[in-house]
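Residue-level structure breakdown
Below are the chains, spelled out letter by letter.
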Amino acid sequence: MKNAFQQVFGTPPAGVWAAPGRVNLIGEHTDYNDGFALPIALPHTTVVAAGRRSDGRIRLHSAQRDGTVTELELAGLAPGTVSGWAAYPAGVLWALREQGHAVGGADVHVDSTVPVGAGLSSSAALECAVALAVDELYGLGLGAAELAGIAQRAENVFAGVPCGSMDQMASLCCTADAALWLDARTLARRQVPFPLEDQGLRLLVIDTRVQHDLADGAYSARRVACERAAELLGVRALRDVPAEGMTTALECLPDELRPLVRHVVTENARVTEAVSRLDGGDAAALGPILTAGHASLRDDYRVSCPETDLAVSAAVEAGALGARMTGGGFGGSVIALVRDTEAKSVGEAVKGAFGAAGHRTPAVTAVWPSGGAGRIA
Ligand code: ADP
Ligand code: MG
């Protein structure tokens, strides 16, 4: 990384920072409803080498993009002024300055092993690596939750993507061998032991390699519908609808909002149940919760698609303990919890099912709960 930075910018970087992608075990589409989630960090990371500049400019370069360097004037940054990938790192500097932090220019070189656009949150990994780098370059001393808020604001306002807080919190706060229980309202969090290897388990990430065009519009539409349902129910957010009172609450709502509320309420309950099973030392018992979560995303929230549904059903039929789509939906990745001994056959079965259905071969990778973002050189 240091050499690559020097080749692009002509000077050595001041340091190198890494931030991981994530998969969410359970708690999908809950963060923007002030609810709970349970992500793990992936071994895949986005790495940023960076150095200060004293002329108020930022220069951005990514190994995943063509060779050009994007050069921007810090003072001129405003939402809508930067398009393409540069909006994510530039947005982080903009968000820091907007909140009154004394941040000057920077040279930034990016390289990543997080597949881009696969639902594994390469966008948050990029933002968080840049946020950490700039925090340290300019001695801001911000904590992980503050940096996550800055990164989320960069994505929401500067890049124009209305994501919740989970991806950035996961990238910055996860630790190895644990899942991160997260309360999106209070940002309270706890590391829940998730010792896959010790229990003879593996987590497969199945990248379906499809992302349907519906994804962006449908995500915003679901958000707006959830906000409307909360308003009709007289609660601050759907997180405040108790599981016991759900049936009565649903009766007050128009038909089209009912399944959405049911998903959010039952999904929050699934996070709580998943944490209690992990606390009980039985990671395999997570399996049925994953599959139930997928059914809810497919039938109630309606954000799955034929490819993710097929990956889940083929994995479960081949002996996975449980499987579900992860991320916003309409493609992207599926996770499957499997016994060590069945990892290979489940992967092959999913690929075979995709071949038979005429879909592109998915990428299947075994992952383990990895550490969060930090300085690496
Ligand atoms: P996901 O976060 O699921 O991977 P998104 O659509 O949210 O998918 O974010 C992908 C976008 O993030 C890319 O289109 C690109 O603009 C930006 N991005 C992520 N990683 C990189 C990278 N290594 N280099 C350049 N841009 C990146
Ligand atoms: Mg993203």
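Everything here concerns the structure above.
None of the values given here were measured: they were computed from a predicted structure. (Residues numbered from 1 in each chain as written. Chains lettered and ligands numbered in written order. Predicted model: local features only at pLDDT ≥ 70, side-chain atom pairs only at ≥ 80, totals over all residues. Heavy atoms only, no water.)

**Overview of the overall build of the protein chain**
- Helix and strand counts for the protein chain stand at 11 helices and 13 strands.
- Against the globule reference of 21 Å for 377 residues, the protein chain gives a C-alpha radius of gyration of 21 Å, in line with a compact fold.
- The principal-axis extents of the C-alpha atoms in the protein chain amount to approximately 60 × 50 × 40 Å.
- When burial is assessed residue by residue, the protein chain has 54% of its 377 residues classed as buried.
- Of the contacts made within the protein chain by residues no fewer than 6 positions apart, 72% connect residues no fewer than 24 positions apart.
- Side chains of the protein chain carry 31 positive and 42 negative charges; the gap between the two charge centres is 2 Å. (Helix = DSSP H or I, 4+ residues; strand = E, 2+ residues; numbered from the N terminus. Rg over C-alpha atoms; globule rule 2.2 N^0.38 Å. Buried < 20%, exposed > 50% of the residue type's maximum accessible area, 1.4 Å probe, protein only. Contact = heavy atoms within 4.5 Å. Lys, Arg positive; Asp, Glu negative; His and termini not counted. Charge placed at Lys NZ, Arg CZ, Asp CG, Glu CD.)

**What about the pattern of salt bridges?**
- Following the criterion strictly, the structure yields 22 salt bridges and no others.
- Between E28 and R324 there is a salt bridge, with the nearest N and O atoms lying 2.9 Å from each other. With E28 in the loop between β1 (15-24) and β2 (36-37) and R324 in strand β10 (residues 322-326), this residue pair connects regions lying 296 residues apart in the sequence. Grouping residues by exposure puts E28 and R324 together as buried.
- Between R185 and D240 there is a salt bridge, and its shortest N-O distance comes to 2.8 Å. Taken as a pair, R185 in the loop between β7 (178-183) and β8 (189-193) and D240 in the loop between α6 (214-233) and α7 (246-251) lie far apart in primary sequence, 55 residues in all.
- You can call R185 partly exposed: its relative accessible area is 23%.
- Relative accessible area serves as the criterion here: at 31%, D240 is assigned to the partly exposed category.
- Ionic contacts of the salt-bridge type, sharing partners, join the residues D34, R185, R236 and D240 into one network. (Salt bridge = Lys/Arg side-chain N within 4 Å of Asp/Glu carboxyl O.)

**Quick word on the nonpolar core**
- Core analysis: the biggest nonpolar cluster contains 51 residues, and V48, I58, L77, V108 and L172 have the highest contact counts within it.
- If one sorts the elements of this core by residue count, helix α3 (residues 122-137) sits on top with nine residues.
- Those residues in contact with L172 that sit more than four places away from it in its chain are C128, L132, A144, L147, A148 and A373.
- Formed by 40 residues, the second largest nonpolar core is a distinct cluster that contains A315, F330, A343 and V346. (Core = buried A, V, L, I, M, F, W, Y, C linked by side-chain atoms within 4.5 Å.)

**Quick notes on the environment of L142**
- On the secondary structure map, L142 appears in the loop between α3 and α4 (144-158).
- Given the relative accessible area of 14%, L142 is considered buried.
- Once residues lying within four places of it in the same chain are set aside, the contact partners of L142 are L96, H101, D135 and L147.

**With respect to α4**
- Over its 15 residues, α4 extends 20 Å from the first C-alpha to the last, a length consistent with the 21 Å expected when each residue adds 1.5 Å.
- For α4, the complete set of buried residues consists of L147, A148, I150, A151, Q152, A154, E155 and F158.
- The inward-facing, buried residues of α4 contact α2 (87-98), α3 and α5 (166-173).
- Backbone geometry just downstream of α4 places G160 in the positive-phi region, at approximately 75°. (Expected span 1.5 Å × (residues − 1).)

**Some points on the side chain of H109**
- Mapped onto the fold, H109 is located in strand β6 (residues 105-112).
- In this structure the side chain of H109 is engaged in a polar contact, spanning 3.0 Å, whose partner is the side chain of H61.
- Each residue touching H109, except ones within four places of it in the same chain, is listed here: M1, A4, F5, V8, F9, V47, V48, A49, H61 and A63. (Polar contact = N/O pair within 3.5 Å; in protein donor to acceptor, adjacent residues only side chain to side chain.)

**Brief notes about the state of the cysteines**
- Applying the stated criterion across every chain, the model contains zero disulfides.
- C173 takes part in no disulfide bond, and the closest cysteine sulfur, belonging to C174, lies 7.5 Å away.
- In this structure C173 comes out as buried when scored by relative accessible area, which is 9%. (Disulfide = S-S within 2.5 Å.)

**Digging into the pairing of strand β11 (residues 331-339)**
- In terms of burial, β11 is a largely internal element, eight of the nine residues being buried.
- Strand direction decides the pairing type here: β10 and β11, joined by five bridges, are antiparallel. Counted as the bridge partner of M325 is V334 from β11.
- In this antiparallel pair of consecutive strands, β10 and β11, the connection spans four residues, and G327 shows a positive phi of 95°. (Pairing = 2+ DSSP bridges.)

Any functional reading would require information beyond the geometric quantities listed.
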